[in-house]
Amino acid sequence: MAPSDRSNAFDEISEMDSTALFKPEVVSLVVSKSESGGPNLMTASWFMLAGYNPFRYLLAVSHETYTYELIEENPEFVLAAPSRDMIDALALAGTVSGRDLDKIDHLGLETVPGDAVDVPLLADAIGNIECSVMDSFEFENCTYYFGSVENAYVTADGLDGRILSLEEDILAYMGSNWGAEDEDEKYRYHAGMSPDDLERFPDSDVIETLPDDLKEKYSR
Ligand SMILES: Cc1cc2nc3c(=O)[nH]c(=O)nc-3n(C[C@H](O)[C@H](O)[C@H](O)COP(=O)(O)O)c2cc1C
């Protein structure tokens, strides 16, 4: 592709703005607790499913956070999926440290005890995943924890088969941005989704496009 083709097709954006490309995303609220402190809440978007047998999530935790201290003391955490109503919790838990404020108490969030982990679940979340750390590695100023899934929960009737019901009002986070230049305000953005927005597409449509020998290989 010639440079002129690229600039005709795309606007170049900054590294920071590249984060807009994989939105909306469901940001997690990570709960951690140890004998000496917590329970504490931290907003986290640096996490991913990282394999199965056992199912595990990889979570990056900055060494500057209180969460890091707590997970180092008790290698367990809960990944909670926030509802739309928890957008203020997402902002607070992502800005203020648990060293300075009991965020769960301040936000008036209810918790229920975990089962396999000594870390509570968030009662108002769409769902919670109890994780125990099975491995970790450090890179620069973060530790990356592989949290093996001990138990996972969703609100009653929250799943339709494997699909999350959009009745649940999941927080589809679009990121944050400053307001107009003369305005000293930052805004958080949420993309509304209703059950009517859900569309389904048959897998067989994709298989149909393949050459005949591959059709057979990939058909179920
Ligand atoms: C949208 C968003 C996503 C974030 N993702 C992460 C993350 O994945 N890992 C991390 O260490 N910090 C992340 N942060 C920053 C922490 O949430 C923030 O430093 C928080 O105050 C740490 O809280 P703590 O000191 O109570 O643990 C994120 C913040 C925001 C707003």
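Computed from a predicted structure; not experimentally measured.

Reading guide: rules and limits
Residues numbered from 1 in each chain as written. Predicted model: local features only at pLDDT ≥ 70, side-chain atom pairs only at ≥ 80, totals over all residues. Pairing = 2+ DSSP bridges. Helix = DSSP H or I, 4+ residues; strand = E, 2+ residues; numbered from the N terminus. Axes fitted to C-alpha atoms, helices over the stretch in contact; angles between N-to-C directions. Buried ≥ 20, exposed ≤ 12 C-beta atoms within 10 Å, placed from the backbone. Contact = placed C-beta atoms within 7 Å. Near = placed C-beta within 6 Å. Nonpolar A, V, L, I, M, F, W, Y, C, P; charged D, E, K, R; others polar. Core = buried A, V, L, I, M, F, W, Y, C linked by C-beta atoms within 7 Å. Arc of directions from axis to C-beta.

Moving on, we get to the sheet that holds strand 2 (residues 40-44). Spatial strand order, 2-1-5-8-9-4-3: seven strands in an open sheet with antiparallel pairing. Each having just a single partner strand, strand 2 and strand 3 (47-49) make up the two edges of the open sheet. Across this sheet, the average inter-strand angle for adjacent strands is 30°, counted without regard to direction. Where strand 8 (residues 127-139) meets strand 9 (residues 142-154), twelve bridges bridge the pair, whose relative direction is antiparallel. Considered in strand 9, the bridge of Asn128 is made with Tyr153.

Let us now look at the environment of Leu171. Structurally, Leu171 is set in the loop between strand 11 (163-164) and strand 12 (173-178). Residue classification places Leu171 among the buried positions, given that 25 C-beta atoms sit within 10 Å. Contacts of Leu171, omitting those with residues within four sequence positions, involve Val26, Pro82, Ser83, Arg84, Met86, Ile87, Leu90 and His190.

Quick look at the environment of Val119 now. Looking at where Val119 falls in the secondary structure, it is placed in the loop between strand 6 (111-112) and strand 7 (121-122). Along the backbone, Val119 and Glu76 are 43 residues apart, and their C-alpha atoms lie at a distance of 7.1 Å. The residues touching Val119, leaving out its near neighbours within four places in the chain, are Val31, Ser32, Lys33, Pro39, Glu76, Phe77, Val78 and Gly114.

With that settled, consider the site of the ligand. Residues in contact with the ligand amount to 19 residues; listed here are only the nearest, Trp46, Thr67, Gly94, Ser97 and Gly98. Mapped by element, the contributors of at least two residues to the shell around the ligand are strand 2, strand 4 (56-62) and helix 2 (66-73). Per-element accounting of the shell around the ligand gives the leading share, four residues, to strand 2. A class-by-class count of the residues in the shell around the ligand yields eight nonpolar, ten polar and one charged.

All right, on to the nonpolar core then. Within the largest apolar cluster, 35 residues are counted, with the highest numbers of intra-cluster contacts made by Leu29, Val31, Phe77, Val78 and Ala80. Those elements giving two or more residues to this core turn out to be strand 1 (28-32), strand 2, strand 4, helix 2, strand 5 (76-81), helix 3 (87-93), strand 7 and strand 8. No other element matches the five residues that strand 5 contributes to this core.

What follows deals with unusual backbone geometry. Of all residues except glycine, most have a negative phi; of all peptide bonds, most are trans. The omega torsion across Gly38 and Pro39 is 5°, close enough to zero to call that bond cis. Looking at where Pro39 falls in the secondary structure, it is placed in the loop between strand 1 and strand 2. Looking along the chain, the bond that leaves Asn53 and enters Pro54 is cis, with omega of -5°. Tracing the backbone shows Pro54 in the loop between strand 3 and strand 4. The residue Glu140 is not glycine, and still its phi comes out positive at about 50°.

One ladder, built from seven bridges, connects strand 4 with strand 9; its direction is antiparallel. Residue pairing for strand 9: Arg56 is matched across the bridge by Ser148. Once strand 8 ends, the chain turns through two residues before running back antiparallel as strand 9, passing Glu140 with a positive phi of about 50°.

Regarding helix 2, the residues found buried are Thr67, Leu70 and Ile71. All buried residues of helix 2 fall inside an arc of 95° around its axis, so they share one side. Where helix 2 is buried, its residues contact strand 1, strand 2, strand 4, strand 5, strand 8 and strand 9.

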